[in-house]
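Inside the fold
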Amino acid sequence: MTLTKNEKVTLYILAAVSFTNILDFIVLMPLGHVLQETFDMTPVMWSAVVSSYTLAAAVSGLISIFIIDRFERKRMFLTIYAFFTLGTLLCSFAPTYNFLLLARIFTGVFGGLINAALFTIVGDMLPEEKRGTGIGILMTGFAVSSAIGVPIGLYLGVEIDWHAPFFIISIIAAGLWVICYKRLPIMDSHLAHRKDPDENTNLLAPFKELLNNKKQLQGLLALGFVFFGHFLLIPFFSPYMVNNIGFEDSQLTWIYLCGGICTMYFSPKIGQWSDKYGKYLVFSIISCVTVLPTLVLTNTPIMSIPFVLVFSSLFFICGARSIPANALLLGTSNPKKRGSFMSVRSSVQNLAQGLASFAAGFIIYQDPATGVFQHFNRIGIISVIATMLGVFFFKKISDTARHRARKLSVQNQA
């Protein structure tokens, strides 16, 4: 089915919101070398700054499952986005390491909830047969942030001051908040069941429903492995390129520019392929392909810029396997409890990313004399194992869905 014009406009607005949300998070990575020198950070201190955002988002996501479905979608989203914008502004004024750490925690509390709110709105707005395409458009926010946002942010951070990217993101987010206030429709159909007094008093109902749903638990576990495997490489990728491979800080722009442009092109297509050929099939193929760039980038000691760009761009493209993965998971949710479930999904994603970042900080060792990072190859191996575990557990959801469809078909024929 084809998206309507109104659906496309709404999705691109949400993609712009996702752009600011993701850019606020990932622009920190290429600035890692600058920040480590500015605040004299050890690898563990740096991983704490990165993981603080995602771990805070994971905690807030879990807490929100008890309340997020009790409010109209638009009002809840606008409240969350306003506090996220404030947190990003605080990061732009951070004078010390401790201030930056606290500002990242504050921003993470609301940044993770934005992700849940966006997927919830897409799930409410689009039927099952359009969700792969819709999530593909939503994910262009990540691609644009990599292709345009990160290179510009890296340039500003290196040439002017590392605070500048966060200040600009907060200004853009404030403008988008106004657009969302005027453009997004009221979405309150999920509140109809709140007329039941039992639903209004049982705060633990969403959590109990999740624990009793084996399919959702398997899906969340699979998604956790997917993001853990992908994010293991991210926090130290830029410092590794500078300290081990010999890149200049300014040359890192090419990695994110090429990777972002490729992802921008392939993300909508991957969403369309997911709807056309099957979400699990597309997810499995991309997951297998991602093994190649992961092992090459973490095991080749000497790399030229063109060599890195080929495999780093492929790695960026393979990150879009989260499109069919999220579409698979979204299909397991109850529309009335979709906000709660998407909060849990966001929490699991952020927890996996936070644990991956924290684990990478302990696995990697930086030689104090040369500054060279060691044991990066171990991260690549662990990443591949986690990715394959994601493929295994998502297959269980796919098999369950096919079995349910066949059963329904037999019942209809009878």
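Structural data are supplied above this passage.
Residues numbered from 1 in each chain as written. Predicted model: local features only at pLDDT ≥ 70, side-chain atom pairs only at ≥ 80, totals over all residues. Heavy atoms only, no water.

1. Comments concerning unusual backbone geometry
Backbone geometry follows two general trends: most residues other than glycine have a negative phi, and most peptide bonds adopt the trans configuration. This is how it is decided: By definition, any uninterrupted DSSP run of H or I lasting at least four residues is a helix, any uninterrupted run of E lasting at least two residues is a strand, and each is numbered from the N terminus. When a residue's accessible area, from a 1.4 Å probe over protein chains only, is under 20% of the maximum for its type it is buried; when over 50% it is exposed; and in between it is partly exposed.
Even without a glycine there, the phi angle at Asp40 is positive, about 55 degrees. Positive phi values are uncommon outside glycine, yet His375 reaches one of about 75 degrees. On the secondary structure map, His375 appears in the loop between β2 (373-374) and α19 (376-413). For His375, a relative accessible area of 26% puts it in the partly exposed group.

2. Notes on the environment of Ser313
Threshold: Two N or O atoms form a polar contact when they lie within 3.5 Å of each other; inside protein one atom must be a possible hydrogen donor and the other a possible acceptor, and for residues adjacent in sequence the pair counts only when both atoms belong to side chains.
Its place among the elements puts Ser313 in helix α16 (residues 305-318). Between the alpha carbons of Ser313 and Ile255 there is a distance of 7.2 Å; along the sequence they are 58 residues apart. A polar contact of 2.7 Å, which involves the side chain of Ser313, links it to the backbone oxygen of Leu309.

3. Quick word on the packing of helix α4 (residues 73-91) against helix α5 (residues 97-125)
For any two helices packed against each other, the geometry is given by the interaxial angle and the distance between the axes. Note the following rule: Orientation is described by lines fitted to C-alpha atoms, with helices fitted over the stretch in contact, and by angles between N-to-C directions that extend from 0 to 180 degrees. Our angle categories are set so that under 35 degrees counts as roughly parallel, over 145 as roughly antiparallel, 65 to 115 as roughly perpendicular, and the remainder as oblique. Take the far helix as the reference: if the near one is turned anticlockwise from it by less than a right angle, the crossing is left-handed, and if turned clockwise, right-handed. Nonpolar residues are Ala, Val, Leu, Ile, Met, Phe, Trp, Tyr, Cys and Pro. Charged residues are Asp, Glu, Lys and Arg, and all others, Gly as well, are polar.
Across the interface, α4 lies against α5 with an axial gap of 8 Å and an inter-helix angle of 155 degrees. With respect to α5, the element α4 is oriented roughly antiparallel. Here the hand of the crossing between α4 and α5 comes out left-handed. For the contact of α4 with α5, the residue count by class is 17 nonpolar, five polar and three charged.

4. Here's the deal with helix α1 (residues 5-26)
Which entries qualify depends on this criterion: Given a helix with a known number of residues, its expected span is that number minus one, times 1.5 Å.
In a regular helix each residue adds 1.5 Å, so 22 residues correspond to 32 Å; α1 covers 31 Å between its end C-alpha atoms and thus fits that length. Counting buried positions over the 22 residues of α1 gives 16, a clear majority of the element.

5. A word on a nonpolar patch on the surface
We apply this condition: Two joining distances apply to patches: 9 Å for like charges and 5 Å for nonpolar side chains (Val, Leu, Ile, Met, Phe, Trp, Tyr), and every residue must have over 30% relative accessible area and no salt bridge. Per-residue accessibility takes into account occlusion by the displayed protein chains alone, with areas from the Shrake-Rupley method and a 1.4 Å probe. Only one rule defines a salt bridge in this text: a Lys or Arg side-chain nitrogen within 4 Å of an Asp or Glu carboxyl oxygen.
Taken together, Phe93, Phe167, Ile168, Ile171 and Ile172 make up a surface patch of nonpolar side chains, about 460 Å² in accessible area. Within the secondary structure, Ile168 is located in helix α8 (residues 164-183).

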